2 protein chains.
Amino acid sequence: MGRNATREKVFAAAIELIAESGLAATTVDQIAERAGVAKGTVFYNFGSKAGLFSALLEYGVDRLAAALRDAASGRAPLDALEAVVGAELAFIGEHESFARLLIAETWRSGGDWQRAARLIRERAIGVVADVLRDAVAAGDLRADLDTGTAASAVFGMVLTVALDWRTLQPGRSLGDVHATLMDLLRGRLTGP
Amino acid sequence: MGRNATREKVFAAAIELIAESGLAATTVDQIAERAGVAKGTVFYNFGSKAGLFSALLEYGVDRLAAALRDAASGRAPLDALEAVVGAELAFIGEHESFARLLIAETWRSGGDWQRAARLIRERAIGVVADVLRDAVAAGDLRADLDTGTAASAVFGMVLTVALDWRTLQPGRSLGDVHATLMDLLRGRLTGP
DNA sequence: ACTTTTGTACTGACCGGTCAGTGCAAAGAT
DNA sequence: ATCTTTGCACTGACCGGTCAGTACAAAAGT
């Protein structure tokens, strides 16, 4: 069947199940069954349950980071920020389960994968930080901006709003949510 | 000893252990031992491990909601917003792992906790939304602000930054993080 | 041309440890 | 007298991880 195809089938199954019930409550047997694969195959490919989770995070975060980077590339700094926010929204819209998994599991304390999870999150947030840094360098944002914290803030803000959107107002358009977020980011909180 | 006293001892022990190691990694035997109580007593009082956690969640949510409400009460709208953000930061700083647990369960898509967890999020975000609504009513924020989405954004922003703070920059002071967040909220992203 | 070997991907029955939950008789508390 | 707690042995389901073996294709040997 090919190693890649199998790995992706397992990934997809694992993402769905973990987003539903959490990592601890999801058994390897369930994942294998949902993926249409033998239990041994999971261990053959990933070594352990923790290994599967770790690989899964890396896989998803790489795709997310790539989407963000693509959105930013070749744009003027402030346009890039807007595009990155849009790309994050779109990604979550398309991969809702993964987003839930990300927000729920990467914030768990303890465990061996904590460090990996942290690095991964730094990678995704890092793209936002780069965009902010470029904007500061271009003089489009105030020079004393704490780009690290601001990047976390923007990333978390978009993530939370996107999941609220999908859960509570699925009918709303992406563009509408995007516009509200950009308003908040541009400091229009207090009035025009 | 009295039913109430026992329940509270078990409760306190469970909270401590969960704050240390997380939900799945905590066994009933550990909780009983830490509480200085027989294992059977836990089941006598709470029926099951799930029952114990359910009670625990309610306890934590009450404390968070109360902290946010207390912070807001008796303050002018914009001061209240600042105080609520500070209270959320402080709560996460003091009950970090417990906050991780609450948040993790909040974003699950299935399982038994989903409904309770949904209420938790609505209740916590609800306090922020109330504060924003008051501020709009007082003319301190623009009239057409989407307070629901903005409340989600603020809450998620604070949450992400707080957990990044605890994980990546634990040496930083609460006041410093608070100030950066309030700067972002006040729209100082683009310059003074 | 043909066997044989080697490497890779996968399978599923099985094992051993863990842990929620039980049962019960005796002791304490109110 | 009744409710509550204790201590401890016990159960049994569950689950991560293992392992011997299958399938099959592409080299390597003859």
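Rules and cut-offs
Residue indices begin from 1 for each chain and proceed along its sequence in written order. Each chain is given a letter, starting from A, and each ligand a number, starting from 1, according to the order in which they appear as written. Totals for whole chains, interfaces and linings use every residue, but because this is a predicted model, local features are given only for residues with pLDDT of at least 70 and side-chain atom pairs only at 80 or more, for both listing and counting. Side-chain measures were taken over the full set of non-hydrogen atoms in the model, leaving aside hydrogen atoms and water. Secondary structure counts use DSSP, requiring at least four H or I residues in a row for a helix and at least two E residues in a row for a strand, with both numbered from the N terminus. Burial classes: relative accessible area under 20% of the type maximum marks a residue as buried, over 50% as exposed, and values in between as partly exposed (1.4 Å probe, protein chains only). Residue contacts are defined here by distance: any two heavy atoms, one from each residue, within 4.5 Å place the two residues in contact. Here the Shrake-Rupley method, with its probe set to 1.4 Å, supplies the accessible areas, and only the displayed protein chains count as covering residues. For the purpose of charge, His is not counted, nor are the chain termini; Lys and Arg are scored as positive and Asp and Glu as negative. Lys charges are placed at NZ, Arg charges at CZ, Asp charges at CG and Glu charges at CD. We call a residue near a given molecule or strand whenever any one of its heavy atoms falls within 4 Å of it. In protein, a polar contact requires one atom able to donate a hydrogen and another able to accept it; more generally it is a pair of N or O atoms within 3.5 Å, and residues adjacent in sequence count only if both atoms are side-chain atoms. Asp, Glu, Lys and Arg are counted as charged, while Ala, Val, Leu, Ile, Met, Phe, Trp, Tyr, Cys and Pro are counted as nonpolar; the rest, among them Gly, fall into the polar class. Simply put, an axis is a line fit to the C-alpha atoms, just over the touching stretch for a helix, and the angle between two N-to-C directions goes from 0 to 180 degrees. Under this scheme an angle from 65 to 115 degrees is roughly perpendicular, one under 35 degrees roughly parallel, and one over 145 degrees roughly antiparallel; angles in between are oblique. Here the copies were fitted onto each other by least squares, based on C-alpha atoms from residues at pLDDT of at least 70 in both. Once two parts are put together, the accessible area they lose, assessed with a 1.4 Å probe and summed over both, is termed the buried area. Every case where a carboxyl oxygen of Asp or Glu lies within 4 Å of a side-chain nitrogen of Lys or Arg is listed as a salt bridge. A helix is expected to span 1.5 Å multiplied by its residue count minus one. Within 6.5 Å between ring centres, the rings of Phe, Tyr and Trp (the latter by its six-membered ring) count as paired, and their orientation is classed by plane angle as stacked under 30 degrees, edge-to-face over 60, tilted in between. Put simply, a charge is over a ring when the Lys NZ or the Arg CZ is close to the ring centre, within 6 Å, and near the line of the ring normal, within 35 degrees.

- The name recorded for chain A in an unreviewed UniProt entry is TetR/AcrR family transcriptional regulator, from Actinomadura fibrosa.

### As for the overall build of chain A
At step 1: Within chain A one finds nine helices and zero strands.
At step 2: Secondary structure elements of chain A occur, N-terminal to C-terminal, as α-α-α-α-α-α-α-α-α.
At step 3: Its C-alpha atoms give chain A principal-axis dimensions of about 60 × 35 × 35 Å.
At step 4: Here chain A holds 192 residues, and the buried ones make up 53% of them.
At step 5: Pairs at least 24 residues apart make up 66% of the contacts formed inside chain A by residues separated by at least 6 positions.
At step 6: When the accessible area of chain A is evaluated, it comes to approximately 8,100 Å², of which 49% is carbon and sulfur surface.
At step 7: Seen as two clouds, the 21 positive and the 24 negative side-chain charges of chain A have centres 4 Å apart.

### Here we look at the protein's contact with DNA strand D
At step 1: Close to DNA strand D lie 16 residues; K39(A), K49(A), T6(B), T41(B) and Y44(B) are nearest.
At step 2: A share of 66% of the atoms of DNA strand D within 4 Å of the protein falls on sugar and phosphate groups.
At step 3: In the environment of DNA strand D, a phosphate oxygen lies 3.0 Å from a nitrogen or oxygen atom belonging to the backbone of K49(A).
At step 4: Contacts to DNA strand D include T6(B), whose side-chain N or O atom sits 2.6 Å from a phosphate oxygen.
At step 5: Element by element, the count of residues in the surface near DNA strand D is highest for helix α3 (residues 39-46) of chain B, at three residues.
At step 6: Partitioned by chemical class, the residues of the surface near DNA strand D number five nonpolar, eight polar and three charged.

### What about the packing of helix α2 (residues 28-35) of chain B against α3(B)?
All names here are of chain B.
At step 1: Between α2 and α3, the shortest axis-to-axis distance is 8 Å and the interhelical angle comes to 100°. Classified by the interaxial angle, the pair formed by α2 and α3 is roughly perpendicular. On the side of α2, the interface is formed by V28, D29 and A32, while α3 contributes K39, V42 and F43.

### Concerning the relation of the copies chain A and chain B
At step 1: Note on the identical chains: chain A maps onto chain B by a rotation of 180° and an axial translation of 1.5 Å, with an RMSD of 1.8 Å. Those values place the two copies in the arrangement expected of a two-fold rotation axis. Among all residues of chain A, the minimum C-alpha distance to the rotation axis is found for G187(A), at 1.3 Å.
At step 2: The residues that chain A uses at the interface reappear at the interface of chain B in 89% of cases, marking a shared surface.

### Topic: the interface of chain A and chain B
At step 1: Contacts between the two partners involve 46 residues from chain A and, on the opposite side, 47 residues from chain B.
At step 2: For the pair chain A and chain B, the summed buried surface comes to about 4,100 Å²; carbon and sulfur atoms form 61% of the total.
At step 3: Scanning the region where chain A abuts chain B turns up four salt bridges.
At step 4: Applying the counting criterion to the chain A and chain B interface returns eight residue pairs in polar contact (both at pLDDT 80 or more).
At step 5: Of all elements in the fold, only α1 (3-21), α6 (96-105), α7 (114-137), α8 (147-168) and α9 (174-185) of chain A reach the threshold of two or more residues within the side of chain A that touches chain B.
At step 6: Considering each element in turn, the side of chain A that touches chain B owes the most residues, 12 residues, to α8(A).

### Section: α9(A)
At step 1: Between its first and last C-alpha, α9(A) extends 16 Å over 12 residues, near the 16 Å set by a 1.5 Å rise per residue.
At step 2: Of all the positions in α9(A), only V177(A), H178(A), T180(A), L181(A), M182(A), D183(A), L184(A) and L185(A) are classed as buried.
At step 3: Close packing links the buried residues of α9(A) with α5 (77-94) and α8 of chain A together with α8 (147-168) of chain B.
At step 4: After α9(A) finishes, the residue G187(A) shows a positive phi value of roughly 80°.

### Thoughts on the packing of aromatic side chains
At step 1: For the structure on display, the rule yields five aromatic pairs over all chains.
At step 2: Relative to F98(A), the ring of F91(A) has its centre 6.4 Å away and its plane inclined at 80°; by these criteria the two rings are edge-to-face. Both residues of the pair, F91(A) and F98(A), belong to the buried class.
At step 3: Measuring from ring centre to ring centre gives 5.1 Å for F11(B) and Y59(B), while their planes differ by 85°; the resulting arrangement is edge-to-face. Taken as a pair, F11(B) in helix α1 (residues 3-21) and Y59(B) in helix α4 (residues 49-72) lie far apart in primary sequence, 48 residues in all.
At step 4: Taking the relative accessible area as the measure of exposure, F11(B) reaches 13% and is therefore buried.
At step 5: Grouping aromatic residues by their ring pairs yields a cluster made of F11(A), F46(A) and Y59(A).
At step 6: Here the basic side chain of R166(A) rests over the ring of W165(A), its NZ or CZ set 5.0 Å away from the ring centre.

### Structural notes on the protein's contact with DNA strand C
At step 1: Lining the immediate surroundings of DNA strand C are 19 residues, of which T6(A), A38(A), T41(A), K39(B) and K49(B) lie closest.
At step 2: Within the side chain of T41(A), a nitrogen or oxygen atom sits 2.3 Å from a phosphate oxygen of DNA strand C.
At step 3: A distance of 3.3 Å separates a phosphate oxygen of DNA strand C from a polar atom in the side chain of N45(A).
At step 4: Among the secondary structure elements, those contributing two or more residues to the surface near DNA strand C are α1 and α3 (39-46) of chain A together with α2 and α3 of chain B.

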